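Structural description and commentary
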Amino acid sequence: SPGGSYSNWWCSMFNGDLALSVTMTAISTFLSIAMLPLNLLFYARFSFDDDVIGNLDWPALFISIGVVISAILLGLLASEKINSHNFNNNANRLGNFAGIALVVFSAYASSSDEDSALWSRDWTFYV
């Protein structure tokens, strides 16, 4: 997610200022509606010689942004409407499990293919 869901997860795990983290994530996510495509246009134009912008799947990009925003709004709505300490504890446990599962899946996905292994890239890839 553009706003940093891992930040929310770490705040939840270590009892940080979760309200601030969620607020910043929500603001960043709403700003991403315009900023992500603009950054993509800017960096793709100056980083690659090919017509990368013409080959992008723009509908898929905006669907992804819409899914993230919908999930945030659904979470805020559930938090507002369901006023139960038990629900909050169960939602927190589910979120912690999902965060750990996402970290494990990301590690697996980044090492499953020889071309996608991040640690096997040449240093020029990162600069």
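As a reminder, the structure under discussion sits directly above these lines.
Below is a short write-up of the structure. (Residues numbered from 1 in each chain as written. Predicted model: local features only at pLDDT ≥ 70, side-chain atom pairs only at ≥ 80, totals over all residues. Heavy atoms only, no water.)

1. Points about the overall build of the protein chain
Short version of the rule: The helix count covers DSSP runs of H or I at least four residues long, the strand count covers runs of E at least two residues long, and both are numbered beginning at the N terminus. Here the term buried applies to any residue with accessible area under 20% of the maximum for its type, exposed to any over 50%, and partly exposed to those in between, with areas from a 1.4 Å probe on protein chains only. Contacts were defined at the residue level, with two residues in contact if any of their heavy atoms lie within 4.5 Å. With residues, only the protein chains shown are counted as cover, and all accessible areas are computed by Shrake-Rupley using a 1.4 Å probe.
Along the backbone of the protein chain there are five helices and zero strands. When the helices and strands of the protein chain are read in sequence order from the N terminus, they spell out α-α-α-α-α. In the protein chain, which comprises 127 residues, the proportion classed as buried is 16%. Intrachain contacts of the protein chain at a sequence separation of at least 6 include 52% that bridge at least 24 residues. About 9,700 Å² of surface is accessible on the protein chain, with carbon and sulfur atoms providing 66% of the total.

2. Considerations on helix α4 (residues 58-81)
Put simply, the test is: In this analysis, the expected span of each helix is defined as 1.5 Å times one less than the number of residues it contains.
Helix length check: α4, at 24 residues, gives a terminal C-alpha distance of 34 Å against a target of 34 Å (1.5 Å per residue), a fit within 8%. Turning to α4, its buried residues are L61, I65, I69 and I72. In this structure, the buried side of α4 is in contact with α2 (18-47).

3. Quick notes on a nonpolar patch on the surface
Just so we agree on the cut-off: Every patch collects residues that have over 30% relative accessible area and no salt bridge, joining them within 9 Å if they carry like charges and within 5 Å if they are nonpolar side chains (Val, Leu, Ile, Met, Phe, Trp, Tyr). Salt-bridge detection follows one rule: a side-chain nitrogen of Lys or Arg within 4 Å of a carboxyl oxygen of Asp or Glu.
Together, L18, V22, F30, I33, L73 and L76 line one region of the surface with nonpolar side chains, adding up to about 480 Å² of accessible area. Secondary structure elements with two or more residues in the nonpolar patch: α2 and α4. If you tally residues by element for the nonpolar patch, the top one is α2, at four residues. Since its relative accessible area comes to 40%, F30 is described here as partly exposed.

4. Regarding the environment of S12
Of note, S12 is situated in helix α1 (residues 5-13). Distance from S12 to G95, taken between C-alpha atoms, is 9.0 Å for residues 83 residues apart in sequence.

5. Topic: α2
The following threshold applies: For a residue, the bend is simply the angle between two axes, fitted respectively to the seven-residue segment ending there and the seven-residue segment starting there.
Across its 30 residues, α2 extends only 36 Å between first and last C-alpha, which sits more than 12% below the 44 Å expected from 1.5 Å per residue. Of all the bends in α2, the largest measures some 55° and sits at S32.

6. Some words on the side chain of N96
With respect to the helices and strands, N96 occurs in helix α5 (residues 85-111). In this structure N96 touches W9, S12 and M13, once residues within four positions along its chain are discounted.

7. Side note on the packing of α2 against α4
The condition is simple: Only the stretch in contact is used when a helix axis is fitted, and all axes are lines through C-alpha atoms; the angle between N-to-C directions ranges over 0 to 180 degrees. Under this scheme an angle from 65 to 115 degrees is roughly perpendicular, one under 35 degrees roughly parallel, and one over 145 degrees roughly antiparallel; angles in between are oblique. Only Asp, Glu, Lys and Arg are considered charged, only Ala, Val, Leu, Ile, Met, Phe, Trp, Tyr, Cys and Pro nonpolar, and every remaining residue, Gly among them, polar.
Relative to each other, α2 and α4 sit at 170°, their axes nearing to 10 Å. As summarised for this structure, α2 and α4 are arranged roughly antiparallel, according to the angle between their axes. Residue-level contacts link T25, A26, T29, F30, S32, I33, L36, P37, L40 and L41 of α2 to W58, L61, F62, I65, V68, I69, I72 and L73 of α4. Grouping the amino acids of the contact of α2 with α4 by side-chain chemistry returns 15 nonpolar, three polar and no charged.

8. Digging into the packing of aromatic side chains
Stated formally: Here is the rule: rings of Phe, Tyr and Trp (six-membered ring for Trp) pair when centre to centre is within 6.5 Å. Planes less than 30 degrees apart are stacked, more than 60 are edge-to-face, and the remainder are tilted.
If you walk through the whole model with that rule in mind, you get two aromatic pairs. Both rings, one in F42 and one in Y43, keep their centres 5.0 Å apart while their planes meet at 80°; by these two values the pair is edge-to-face. For F42, a relative accessible area of 45% gives the class partly exposed.

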